[in-house]
Amino acid sequence: MRGILSLRKTGVFLLVFLTISLACAFAGGSKEAAPAQTQSTIVVTSWRTEDIAAVNAINAVFMKKYPNITVKFDPIKNTEYSAQLQTALETKSDRYDVIGVFPFGWVENYNKNGYIQPLNGLVKNLSNLPQAVLDKYSAGGSVVAVPVAAVAHGIYYNKDIFAKYNLKVPETWAEFISICDTLKQAGVNVIAQGAVDKWTLGEGGFPNWGANFYGGEATRQALMAGDIKFTDPRFVKTFAVLKSLVQYFVPGYQSIDYVAMQQLFKTGQAAMMICGGSWELAGFKAAGVNFGWFPPPVQNAGDKEQLCFLSDLGYSLSRYSKNTEAAATYLNWVSTPEFAQLFMTNIPGFYSYMPGNYTLDPAATSILKAVQSSVLTERLMAQKLSDKPPTGTDLLDDACVKVVLGEFTPEQAADYVQSGLATWFPFK
Amino acid sequence: MQRGQRALRGNLHVIILFLAPTLLFYTAFLILPVFDSLRLSLYSGKLLRIDRFVGLANFHRLFFVPPFNTAFFNAFRNTLELFVILAAIQNTIPLVFAVIISRVRFASFFRVVFFIPSLVPLIVVGFLFKMILNPVWGVLDKALRFIHLGLLVRPWLGDAHLAIPVIALIGGWVYFGLPFVLFLAGINSIDHEMIEAARIDGAGEIAVTRRIIIPLLLPVFGIVTTLALIGNITQFDLIYSAANAWGDPAYRTDVFGTLFYRSMFGANNTGITSDLGLAAALASVMFVIVLVGEILVLRFTRRRGAS
């Protein structure tokens, strides 16, 4: 019986197949000839996908000044930032030149893994910034990121709704709760808060309105030094306060995420947003909601306000960048008052650490006034307490969610965080 | 058959020629990585960088050391729950529809229509349903209130008891087509004389379905369950788009897929880097679970069915 294909036909088939595959392999176009002038392109990335238009406007000023450097802004969605960026850096990709980083443990980690370069000597204008701030963005004996922005935490409120019910901005917690009760009885959505994006509770909430309850900066320092434990009654009290707020959350809060919270406030469907930081200013202005801001109410009248003003975005230089010189030029420009003014004008709500006199928009200025008259603190778990897993950040986030969902009592929540931290943190 | 054997021998080189590329591809990209994964689980490292040999330490951490073991067993429970519900849905509803459609005309029209949802990418489906189920703007809650069933309104994806079943229902909607087509094919391949004989003996529709169709479809149940098993133990897209990568709320929708994603690529904004060994250990455990599950499925569905 003859075969399906004779040997000759098989040979022909093979030949054709190989020819086609080889043709495809070599068909990938040849590289274009390099241009005559030294045009370099640097790619900046961060988690601020909301700022694309603003950052491009800022970078346009830089590109006018330095016409042979093109700056592209390629941000990554904030929930995927860590994963995507690390994957790129671990594979030694040169895709990103300037990368957005958080201070403290984050930059220390990145430095340890060899992702970023020391900037001392490379970026001359670093000396413009206060040393105390530079220390927050240092690791291994050198500054590893240019501090770009800090943000303040506070509470946003809808001015129209407040006016409708004759409500005044509260100064004490009791006043705040009475406002909440009034609104709830009127059938208004009081607080745009959900339990899905847990950072809004543990990082944007607890150290925000909670700082006044657990003792703010002094307590944070004591916790970092290991002098007090997380089972301290002040932390338990703060969890209890969180639990008492749940009744004012928008119904269905169990499935509401951060974007939904922002949308609720932007469309005027909720009276207040308590996890909001000053980074929301630009978005709220663009949405046209008539909003105001007040610092978290103090426990008792006369208390000194503990305001969470956290060091946020910094720019580092990737070790795998192929355009170090151009990137360093960019970072040098970032460390100038000119950049600071541009940044604060285009992205209101982010405050530069650069000393100088700046003109800000009214909302941003009012926040800055509060900043200047309060005791400033950072996010509770940002420094030292999140260096190893289980990180303080994750523990606090999870504990807050469980309190909100009713799975933990305040005491259990504090225990949960304490026992997680105790597995690696040197408490005394 | 003599003719067949001779045909095979004469064409052996052609057969090998046609099989070789696919076999090579399959081995290189599917078989080898499985074993390499097992190898990697004995090391520690970050992303693609291996640090050092740690033996069974990763497995020890995965099973015995909190918070790793709590995360693991939580994910195990959620994954199992998702699988059980999905397998139950996929083995019943498509079957009912198949039995009905097999008696009706225009069966091929229904085949196409019911198959279309499974062609929509899972990410898109999850996202769409997330919008539909949104407590503030979602269509579902508005519709329920409109027909005066407002009492049924719940935070669907946020409720600890409802989140996984709801996601399973979404999965059931997507994965309806293939089981339906398989069941329909299975029913159509049953010898009609048997059914005629049963009808003559006085069996009603239900009895025919119960006593003849279902037992003969046992292999199809096996296939559907196998597909559900493989698909769901490693399920990621659906959870990621309907909930998020941390299994919110409070890890209630955390499954093996999302746990693996976090272990391998690092988690949110804490700069915590990946743990290659732990992720590989988890992947190895997932592989074993699917293997054991599949063996059980095969044994159970071959026992009585006529092949």
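## Comments concerning the confidence of the model for chain B
Piece 1. Chain-level statistics for chain B give a pLDDT mean of 83 and a share of 93% at 70 or above.
Piece 2. Confidence estimates for the predicted assembly give a pTM of 0.77 and an ipTM of 0.72.

## Description of the sheet that holds strand S9 (residues 272-273) of chain A
By way of backbone hydrogen bonds, the strands of a sheet pair with one another, either parallel or antiparallel.
Residues and elements named next belong to chain A.
Piece 1. Read from one edge of the open sheet, three strands run S9-S8-S10, paired in antiparallel fashion. Looking at strand neighbours, the two that pair on one side only are S9 and strand S10 (291-294), the edges of this open sheet.
Piece 2. With four bridges connecting them, strand S8 (residues 155-158) and S10 associate as antiparallel partners. Paired with Tyr 156 across the strands is Trp 293, a residue of S10.

## Here's the deal with the domain arrangement of chain A
Residues and elements named next belong to chain A.
Piece 1. Structurally, chain A comprises domain 1 (40-147 + 311-360) and domain 2 (152-305 + 374-422).
Piece 2. Distance between the C-alpha centres of domain 1 and domain 2: 29 Å.
Piece 3. Of the residues lining the interface, nine residues belong to domain 1; the matching set on domain 2 comes to eleven residues.

## Focus on the environment of Lys 130 of chain B
Residue and element names in this part refer to chain B.
Piece 1. Its place among the elements puts Lys 130 in helix H6 (residues 122-132).
Piece 2. Classification of Lys 130 as partly exposed rests on a count of 19 C-beta atoms within 10 Å.
Piece 3. Considering only alpha carbons, one finds Lys 130 and Pro 94, 36 residues apart in sequence, at a separation of 24 Å.
Piece 4. Setting aside residues up to four positions removed in sequence, Lys 130 forms contacts with Leu 157, Ser 241 and Ala 242.

## With respect to the environment of Lys 136 of chain A
Residues and elements named next belong to chain A.
Piece 1. Structurally, Lys 136 can be placed in helix H5 (residues 131-136).
Piece 2. Along the backbone, Lys 136 and Phe 17 are 119 residues apart, and their C-alpha atoms lie at a distance of 61 Å.
Piece 3. Excluding anything up to four places from it in sequence, Lys 136 contacts Pro 103, Phe 104, Pro 147 and Ser 311.

## So, the confidence of the model for chain A
Piece 1. Residues of chain A with pLDDT of at least 70 account for 94%, and the chain-wide mean is 86.
Piece 2. In this model residues 28-36 of chain A is a low-confidence stretch, pLDDT under 50, and it forms zero contacts with partners more than four residues away in sequence or in other chains.

## Let's talk about the pairing of strand S2 (residues 49-53) of chain B
All names here are of chain B.
Piece 1. Within S2, only zero of the five residues are buried, which leaves the element largely exposed.
Piece 2. Direction of pairing for strand S1 (residues 43-46) relative to S2: antiparallel, over a ladder of four bridges. The residue bridging Ser 44 from the neighbouring strand is Arg 52, located in S2.
Piece 3. Connecting the antiparallel pair S1 and S2 is a turn made up of two residues, with Leu 47 showing a positive phi of about 45°.

## Overview of helix H19 (residues 410-422) of chain A
Residues and elements named next belong to chain A.
Piece 1. The terminal C-alpha atoms of H19 lie 18 Å apart, and with 13 residues this matches the ideal 18 Å at 1.5 Å per residue to within 8%.
Piece 2. Listed in full, the buried residues belonging to H19 are Pro 410, Ala 413, Ala 414, Tyr 416, Val 417, Gly 420 and Leu 421. All buried residues of H19 lie within an arc of 155° about the axis, which places them on one face of the element.
Piece 3. Elements in contact with the buried residues of H19: helix H12 (233-245) and helix H18 (392-404).

The rules behind these values
- Every chain's residues receive numbers from 1 upward, in the order its sequence appears when written.
- Just so you know, chain letters begin at A and ligand numbers begin at 1, following the order they were written in.
- Local features in this predicted model are restricted to residues of pLDDT 70 or higher, and side-chain atom pairs are both shown and tallied only at a pLDDT of 80 or more, whereas totals for entire chains, interfaces and linings draw on every residue.
- pLDDT is a per-residue confidence score from the predictor, ranging from 0 to 100.
- In this analysis, strands are considered paired if DSSP registers two or more bridges between them.
- A run of H or I in DSSP becomes a helix once it reaches four residues, and a run of E becomes a strand once it reaches two; helices and strands are each numbered from the N terminus.
- By convention here, the domain bounds are inherited from an automatic or database domain assignment.
- Whether two residues are in contact is decided by their C-beta atoms, placed from the backbone, lying within 7 Å.
- Put simply, a residue is buried when 20 or more other C-beta atoms lie within 10 Å of its own C-beta and exposed when 12 or fewer do; between those, it is partly exposed, and each C-beta is set from the backbone.
- How far a helix is expected to stretch is found by multiplying one less than its residue total by 1.5 Å.
- To be clear, the arc concerns the directions from the helix axis to the C-beta atoms.

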